[in-house]
There are 2 protein chains.
Amino acid sequence: MSEIFPKVALLGIGLIGSSMAHAMRRSGVAGHIAGYSHRLETLEAAQEVGFADSLSIDPAECVRDADLVVLATPVGTFGSLAEKIAEHLKPGAILSDVGSVKTAVIRDVAPHVPEGVHFIPAHPIAGTEQSGPKAGFAELFDGRWCILTPPPGTDAAAVAKLQSFWEALGSQVEVMEAARHDLVLAITSHVPHLIAYNIVGTADDLETVTQSDVIKFSAGGFRDFTRIAASDPTMWRDVFLNNREAVLEVLGRFSEDLSALQRAIRWGDGDALFTLFARTRAIRRSIVDAGQDTAAPNFGRGAKADEKKDQ
Amino acid sequence: MSEIFPKVALLGIGLIGSSMAHAMRRSGVAGHIAGYSHRLETLEAAQEVGFADSLSIDPAECVRDADLVVLATPVGTFGSLAEKIAEHLKPGAILSDVGSVKTAVIRDVAPHVPEGVHFIPAHPIAGTEQSGPKAGFAELFDGRWCILTPPPGTDAAAVAKLQSFWEALGSQVEVMEAARHDLVLAITSHVPHLIAYNIVGTADDLETVTQSDVIKFSAGGFRDFTRIAASDPTMWRDVFLNNREAVLEVLGRFSEDLSALQRAIRWGDGDALFTLFARTRAIRRSIVDAGQDTAAPNFGRGAKADEKKDQ
């Protein structure tokens, strides 16, 4: 793979930023990789792993002469960060991000983007429940989708360039409108996370069941939810604060459907339960067929959990 | 490991029954393994895999001379099955089950248990989203918990024998009251399954988001729910019909908590969201430390999903 951007600036070097750096190294698409964090501790950890060519606590210094600048901090910080770097951006540079919401990011960032800089919001649909500069790895984006939401009138050549970049990092790329992205992600990611956080909180609060019981018997299904509910709290707080409308819309539908199920249980309506339970199997099959999850039972984790146990 | 039961009868040879057979073979705790199914197709599949010494479509024949009889069909069938086998049970035999609910099983089965037969309900907390006689494997119960709920007055020696049996199959064993089991499982298993089925159904019904979008972008969190929502529909229908009170109680708490989160999102209360999101991380850590799940990011499945994709 040949170089696409002589210098890439990563504003934020947590799970996503550091994984991008590893994937850039693997593919050779970036000349110089610059990293920024506002925390000294994070910079030291990044230094230790060694995925960046330069590291700075000053965002303006990080973006200087960069051909691609990527906002990769929690989305609640994008507005003030964009304001700080605006006058230091190189003419012709691409300014992008990896935030999980897109309408709010455009609202917060677009006003600060100087003439001659191409602002192309992006969202790689990839992650793990871990966070920080030591959690990143080069394969994170392999086979996953990255959604670009360029505002109307964005330079087509710049969009094509950013698309090539994400493809070089292992992703498949799709372009859509920001509002559509926010609705799709509300159902495929945001509401599932909210529900997972919620059920884990409910379990933790029950007076009638001890936490020790919950932990011991979690293999019945609960443990899957705890993985998602272990995701970065700051990132997710900002997601919900910034995708309010779509999340509330999907959540309303979810609650309605749950009430109907609750009623079916109360009145012993086995047919209604069976019909739903049989229907949802097909969706799992489609996801496995699309290469978006493993076909192995229990995500193929059985052996690994046991290794851990035996330690 | 030495033989504990000269003959074990498995009434039901799906995921759990067939896994028990494999684990019995591995440990040598059973002399003869007899299997029953009411479906010829299932018997043929079991024959092909070869985990049983004898197979029958007649439950009475299957349990003849058995020292341990295990009900391993969906719990809604236990009552009529117990009635059919009652007079064929050997005096001194242990009658057990693997059902995910225990109070209802005692209600349905106990009236049919003849004098001299030890009825000891059991529930191995283990499973995958797959079902049928070809889905079983010997390691399913390794490191998982099996809960025994012997009614008051049950012969202690028989309970100890069944405990040794499950330990030989790889499990850790805990004894508790049936009502307590049902409440604990409502939170660790039943309500999580209901929520997973529900969100997958909600996603499938949205007019504003296509199913293709849901499938493509499922790596954001949704795909985890689809695994659970791919579990056996008949088994789960029976679970909800037979653990109604505990499920409705936990579901009520879940819905209350979800309404509070919904309100926090609507009013932009970031602190309330952050507080919950930070708290739930600790529970994940405890589950991993207890050996009930893998510590690897994304359940360690990344590589496997990609292999599948590359096929």
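This one's a predicted model, so the numbers in the text were calculated from it and none came from an experiment.

(A) Region of the structure containing the pattern of salt bridges. For the coordinates displayed, the defined rule picks out 36 salt bridges over all chains. One salt bridge connects A:Asp213 with B:Arg180, and the closest N-O pair in it is separated by 2.4 Å. Here A:Asp213, found in helix α8 (residues 211–216), pairs with B:Arg180, found in helix α7 (residues 178–205), and the two come from separate chains. Classification of A:Asp213 as buried rests on a relative accessible area of 5%. Judged by its relative accessible area of 32%, B:Arg180 falls in the partly exposed class. Three or more residues joined by partner-sharing salt bridges are found here, namely A:Glu129, A:Arg227, A:Arg284, A:Asp293, B:Asp224 and B:Arg301.

(B) Region of the structure containing the sheet that holds strand β9 (residues 172–175) of chain B. All names here are of chain B. Spatially, three strands are ordered β7-β8-β9 in an open sheet, and the strand pairing comes out mixed. Strands at the two margins of the open sheet, each flanked by one partner only, are β7 (122–124) and β9. The sheet shows a mean angle of 20° between the axes of neighbouring strands, direction not considered. Sheet analysis places strand β8 (residues 145–148) next to β9, joined by four bridges and oriented parallel. Note that in β9 the partner of Cys146 across the bridge is Val173. Contacts from helix α6 (residues 156–168) reach β7, β8 and β9, with the element oriented near 165° to β8.

(C) The interface of chain A and chain B, seen in detail. Listed by partner, the interface residues are 115 residues for chain A and 116 residues for chain B. Together, the buried faces of chain A and chain B total about 11400 Å²; carbon and sulfur atoms form 65% of this surface. Summed over the three residues of chain A that lose the most area to chain B, namely A:Phe217, A:Ile265 and A:Phe277, the buried surface amounts to 7% of that side. The partner of A:Arg253 in a salt bridge is B:Glu207, and the shortest N-O contact between them spans 3.3 Å.

(D) Summary view of the domain arrangement of chain A. Residue and element names in this part refer to chain A. For chain A, the assigned domains are domain 1 (5–176) and domain 2 (180–268). Relative placement of domain 1 and domain 2: their C-alpha centres are 29 Å apart. The partner domain 2 presents 15 residues to the 19 residues of domain 1 that form the contact. Between domain 1 and domain 2 lies a buried interface of about 1300 Å² when both sides are counted; carbon and sulfur atoms form 63% of it. The interface formed by domain 1 and domain 2 contains one salt bridge. A breakdown of the residues in the side of domain 1 that touches domain 2 according to their chemical character gives seven nonpolar, eight polar and four charged.

About the thresholds
Residues numbered from 1 in each chain as written. Chains lettered and ligands numbered in written order. Predicted model: local features only at pLDDT ≥ 70, side-chain atom pairs only at ≥ 80, totals over all residues. Heavy atoms only, no water. Salt bridge = Lys/Arg side-chain N within 4 Å of Asp/Glu carboxyl O. Helix = DSSP H or I, 4+ residues; strand = E, 2+ residues; numbered from the N terminus. Buried < 20%, exposed > 50% of the residue type's maximum accessible area, 1.4 Å probe, protein only. Pairing = 2+ DSSP bridges. Axes fitted to C-alpha atoms, helices over the stretch in contact; angles between N-to-C directions. Contact = heavy atoms within 4.5 Å. Buried area = accessible area lost by both parts, 1.4 Å probe. Domains from an automatic or database assignment. Nonpolar A, V, L, I, M, F, W, Y, C, P; charged D, E, K, R; others polar.

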